[in-house]
Amino acid sequence: MKKILTVLLFVLIFSANIGFADNSQIYSKLNNYKDKSITKGNYSFDYKSDVFKVYDKSGKKLILSVNKGDFNYPDNFFVNDKYLYYTKTKQGKGSSIIQTDLATKKSKEIKTFKVEVSLAGVRGNEIYYTVVSQHGGEMFEPELRVFNISSKKDLSIAKNATSVELGSTKIYYMNFLMELNPTKLYAVGYNYKSPKMISKNAVNYALIGGKLYIAESKVVNPDDEFDMNNLKNETLFVCNEDGSSKKALTGNINGYIYDITATEIRYEVIGSEKYYKMNLKTKKVEALNSKY
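Keep in mind the model is a prediction, meaning the values are calculated, not measured. Numbers given to residues run from 1 along each chain, matching the order in which its sequence is written. Reporting of local features is limited, given that this is a predicted model, to residues whose pLDDT is at least 70; pairs of side-chain atoms are given and counted only at 80 or more, and all residues count toward the totals for whole chains, interfaces and linings. Derived side-chain values reflect all non-hydrogen atoms in the structure, with water molecules and hydrogen atoms excluded from consideration.

Peer 1: Which residues make up the overall build of the protein chain, and what values do they have?
Peer 2: Under the scheme used here, helices are H or I runs from DSSP no shorter than 4 residues and strands are E runs no shorter than 2 residues, and both carry numbers assigned from the N terminus. Along the backbone of the protein chain there are one helix and 25 strands. Think of it in three bands: residues with accessible area under 20% of the maximum for their type are buried, residues over 50% are exposed, and the middle band is partly exposed, with areas taken using a 1.4 Å probe on protein chains only. Within the span of the protein chain, comprising 292 residues, buried residues form 42% of the whole. Any two residues having at least one pair of non-hydrogen atoms within 4.5 Å are treated as being in contact. Pairs at least 24 apart in sequence give 32% of the contacts found in the protein chain among residues at least 6 apart.

This is the structure in structure tokens:
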């Protein structure tokens, strides 16, 4: 009986560890406008300047930097405590996804493309990216795809997809519009089947601490997706990852909410180039000298 209980305990611990490992496989994103520094394991990552750098845990010893070359320097880098991923794109010549081993400092091409792609996220051995199809020089809607490093399989997840975020159980993306305006926000599981619409008038969103923060607009002109007046009346909501238990965190915001954190939002009054931030707890609003 003791042996059976020991085996069951081992299975439960092993199963729990698998679940934890799955969540930890999602790489952190560093963007050159925000999220500019983070520490993972024995490394700290810095994108405060115009060059991406990796330091030791203390942040004092430089391990490596991604030097600028004859390629478009990426806006986003994806990191964990072992690898660094980013894209090298050459105008008119295509893109390549680069993997850098932090221990050896060696880099290699994971996949190359004849067209330009944008890295959307990394989860374990799965590389998520968007690609915009072209025909006769005309641009078409972006497509979200996933490439598995181990199996070499490359699958389509969704057409007309942008602003991609990887959650613990779901992938989130918005429909693409040629102009900034309210659009649909979707969630799809990692089986890539049966996407669910979370919001039909989302302007921006953020995935923070297992919660979705969604800026939604009251559309005043639904027949014209290019009418900037559709952005003027926005409210920030928070809900669970599946869209349930949705509640408002703000009243009506007369502006475009361009940045969302768990504690504050930043927004721009349309057509004025005036920027503000609001504390979500106190609702205090402050004017900003610049966007960030």
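Peer 1: Go over the pairing of strand 9 (residues 107–113), please, and point to the residues and values.
Peer 2: One bridge is not enough; two strands pair if DSSP finds at least two bridges between them. Of the strand pairs in this sheet, strand 8 (residues 94–101) and strand 9 are connected by six bridges, and their pairing is antiparallel. Its bridge partner being in strand 9, Ser95 is matched across the sheet by Phe113. Hairpin remark: strand 8 followed by strand 9, antiparallel, with five residues in the connecting loop; positive phi at Lys105, about 65°.

Peer 1: Can you explain the sheet that holds strand 9? Please cite residues and give values.
Peer 2: Read across the sheet, five strands follow the order 1-6-7-8-9 without closing on themselves; strand pairing throughout is antiparallel. The sheet terminates laterally at strand 1 (28–31) and strand 9, the two strands that pair on one side only. Across the sheet, the axes of successive neighbouring strands diverge by a mean angle of 25°, strand direction being ignored. Bridge analysis of strand 1 against strand 6 (residues 76–79) gives four bridges, and the strand direction is antiparallel. The residue bridging Lys29 from the neighbouring strand is Phe78, located in strand 6. Whenever a helix is involved, its axis is fitted only over the stretch in contact; in every case the axis is a line through C-alpha atoms, and angles between N-to-C directions fall within 0 to 180 degrees.

Peer 1: Lay out the environment of Asp70 with the relevant residues and their values.
Peer 2: Along the polypeptide, Asp70 turns up in the loop between strand 5 (62–66) and strand 6. C-alpha of Asp70 to C-alpha of Gln91: the two residues are 21 residues apart in sequence and 9.6 Å apart in space. As used in this structure description, the phrase polar contact means that two N or O atoms lie within 3.5 Å; if the pair is within protein, one of them must be able to donate a hydrogen and the other to accept it, and residues adjacent in sequence are counted only when both atoms belong to side chains. In terms of polar contacts, Asp70 uses its side chain to reach the side chain of Lys90, at 3.3 Å.

Peer 1: Outline the pairing of strand 6, listing residues and values.
Peer 2: Across the two faces of strand 6 the burial is the same, with Asn76 and Phe78 and Phe77 and Val79 all buried. Taken together, the two bridges between strand 6 and strand 7 (residues 83–90) define a ladder with antiparallel strand orientation. Its bridge partner being in strand 7, Phe78 is matched across the sheet by Tyr85. Between strand 6 and strand 7, which follow one another and run antiparallel, lie three residues.

Peer 1: Run through the nonpolar core, naming residues and quoting values.
Peer 2: Definition used in this section: a nonpolar core is a set of buried Ala, Val, Leu, Ile, Met, Phe, Trp, Tyr and Cys residues joined via side-chain atoms within 4.5 Å. By size, the foremost hydrophobic cluster in this structure holds 18 residues, and its most contacted members are Phe45, Phe52, Val54, Tyr73, Phe77 and Leu84. Contributions of two or more residues to this core are made by strand 3 (43–46), strand 4 (52–56), strand 5, strand 6 and strand 7. Per element, the largest residue contribution to this core is three residues, and it comes from strand 5. Among residues more than four places away in sequence, those in contact with Phe77 are Ser28, Lys29, Leu30, Tyr47, Phe52, Val66, Leu84, Tyr85 and Tyr86. Counting 16 residues, the second largest nonpolar core, distinct from the first, contains Ala120, Val146, Ala158 and Tyr190.

Worth remembering: the numbers are spatial, not functional.
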